[in-house]
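The primary structure of each chain is shown beneath.
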Amino acid sequence: MKKDILSMTLEELTSEIVALGQPKFKAKQIYRWLHKAFVDDFSQMSDISLELRRILDDNFVIFKCAIEKKLISEYDGTIKYLFRLHDGEYIESVLMKYKYGYTVCVSSQVGCRMGCTFCASTLSGVVRSLSTSEILSQVYAISRDNSIRVSHVVMMGMGEPFDNYDNVLKFLKMITDENGVNISMRHISVSTCGIIPMIYKIMEENMQFTLSISLHAPNNDLRTSMMPVNKKYPVEELIEACRKYTLNTSRRISFEYSLVYGVNDTKECAEELAKLLKGMLCHINLIPVNEVDETGCKKSSPERVKRFADILSSKGFAVTVRRELGADINAACGQLRRSVQNN
């Protein structure tokens, strides 16, 4: 069976190349083609001999993301990609342009097992986790398609990153490798719905990415009704883990809070959220929920969003309301894949 070459670190690739009887320096050449030039076929490695390219093709495979569909927003230029994987499954990624550069939102799984009531990604459950190469390939395919350098990555697409911990950890190490794309760790955000053991585990890595917690409710009853994962990892235990994380890493946590009309966007919820997070090194990102027919969730009105934000700001919290990028192309994760599934 051919080996997944794109998931190999430079050290791992060097061992493989030497084992094939090739000079050690060839590994760095090949790695550069894969992780700087973003080639997806060995034939494109023009400064490598035909014989070595044949050897590579005989022993390895480059798992790539093939563009199945591409939607460009007329409002803000946001681009949503539906990628087809080597086994015929589909995932989604989004390219967003900001003043500071280009951000790619990547998926970590095909589907999601978490069951959050407001999210389209989870409606059909999880099929499988992505390999490290499949996560990397989303960034590489988008960079190649647009002839750009991606400066920021957010792991907020389909799937729960900490449900695919090992491959996500390796992705973080490889995407920040100076021999590859070399994105600053401080320009990466990883979002989790609150898998507490994995929060403690990644805390020991002492990485400088931004940890984003999908909170969405200030108490157990409400959060459990929206996010079944709360039954296993209740709010008070999650917040304790977050406080320890900030103390150990000195990194501010970002709390994601999707506002659903009449459910979690009340004045009372805002007051309770402020009490829950009091004294923590954190930022609160309010997200007007994306309306998906199957979920029945309604977007909070601008007036209610402002009231919620004002209450938190008055308590001394750093609060932002996420820009609604790509609204005309269903840029929320899971919606495009679901449209293909339903056809």
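Scroll up for the structure.
As a convention, each chain's residues are numbered from 1 in the sequence order in which they are written. Only residues with pLDDT of 70 or above have their local features reported here, since the model is predicted, and side-chain atom pairs are shown and tallied only from 80 upward, although totals for entire chains, interfaces and linings are computed over all residues. To get the side-chain values, take all heavy atoms of the structure and skip hydrogens and water.

(A) Representation of the environment of Thr14 in the model. Relative to the elements of secondary structure, Thr14 occurs in helix α1 (residues 10-19). By relative accessible area, Thr14 is classed as buried at 15%. In this structure, the C-alpha to C-alpha distance between Thr14 and Tyr31, residues 17 residues apart in sequence, is 9.1 Å. In contact with Thr14, other than residues within four places in its own chain, are Lys24 and Ala27. Distance and chemistry together define a polar contact, namely a pair of N or O atoms within 3.5 Å, with one atom able to donate a hydrogen and the other to accept it when in protein, and with adjacent residues in sequence counting only for side-chain atoms on both sides. There is a polar contact of 2.7 Å between the side chain of Thr14 and the backbone oxygen of Leu10. Only DSSP runs of H or I reaching four residues or more are called helices, and only runs of E reaching two or more are called strands; each is numbered from the N terminus. Each residue is placed in one exposure class: buried if its accessible area under a 1.4 Å probe, protein chains only, is under 20% of its type's maximum, exposed if it is over 50%, and partly exposed if it falls in between. In what follows, residue pairs with any heavy atoms lying within 4.5 Å of each other are defined as contacts.

(B) Spotlight on the pairing of strand β9 (residues 152-155). Burial along β9 is two-sided: His152 and Val154 and Val153 and Met155, pointing in opposite directions, are all buried. Here strand β6 (residues 101-105) pairs with β9 via three bridges, running parallel. Paired with Cys105 across the two strands is Val154, which belongs to β9. Pairing of β9 with strand β10 (residues 188-192) involves three bridges; the strand directions are parallel. Each bridged residue has a counterpart across the sheet, and for Met155 the counterpart in β10 is Val190. In this region the chain leaves β9, passes through helix α5 (residues 165-175) and returns to the parallel neighbour β10; the handedness of that crossover is right-handed. At least two bridges found by DSSP between two strands is the condition for calling them paired. With the strands aimed away from the viewer, a crossover counts as right-handed if its path from the first strand over the helix to the second runs clockwise.

(C) Quick look at the pattern of salt bridges. Each salt bridge in this description consists of a side-chain nitrogen of Lys or Arg and a carboxyl oxygen of Asp or Glu lying within 4 Å of one another. Scanning all chains against the criterion turns up 18 salt bridges. Across the pair Glu205 and Lys173 runs a salt bridge whose closest N-O atoms are separated by 3.8 Å. In this pair, Glu205 sits in the loop between α6 (196-203) and β11 (210-214) while Lys173 sits in helix α5, placing the two residues 32 residues apart along the sequence. By relative accessible area, which is 45% here, Lys173 ends up partly exposed. Beyond isolated ion pairs, a larger network of salt bridges with shared partners links Glu51, Arg54 and Asp58.

(D) Spotlight on the sheet that holds strand β3 (residues 66-72). One open sheet holds the ten strands; their spatial order is β3-β4-β5-β6-β9-β10-β11-β12-β13-β14, and the pairing between them is mixed. Looking along the sheet, the strands with just one partner apiece sit at the ends: β3 and β14 (318-321). Between one strand axis and the next, the sheet turns through 20° on average, direction left out of account. As judged from the four bridges shared by β10 and β11, these two strands associate in the parallel manner. Pairing of Val190 across the sheet is with Leu211, part of β11. A fitted line through C-alpha atoms represents every axis, and for helices the fit uses only the stretch in contact; the resulting angles, taken between N-to-C directions, go from 0 to 180 degrees. Running over the sheet, helix α4 (residues 132-146) touches β3, β4 (79-84), β5 (90-98), β6 and β9 and is turned about 125° from β4.

(E) Looking closely at the side chain of Ser7. Inspection of the secondary structure puts Ser7 in the loop between β1 (3-4) and α1. Here the side chain of Ser7 touches Asp4 through a polar contact of 2.7 Å, side chain to side chain. Other than its neighbours up to four places away in sequence, Ser7 contacts Glu12, Ser131, Thr132, Ser133, Lys170 and Met174.

(F) The arrangement of the nonpolar core in detail. Side-chain atoms within 4.5 Å are what join buried Ala, Val, Leu, Ile, Met, Phe, Trp, Tyr and Cys residues into a set we call a nonpolar core. Counting residues in each nonpolar core, the largest one holds 106 residues, and the members touching the most others are Ile5, Ile30, Leu172, Phe209, Phe255 and Leu277. At seven residues, α5 tops the list of elements feeding residues into this core. The residues touching Ile30, leaving out its near neighbours within four places in the chain, are Ile5, Leu13, Ile17, Met45, Ile48, Leu52 and Leu56.

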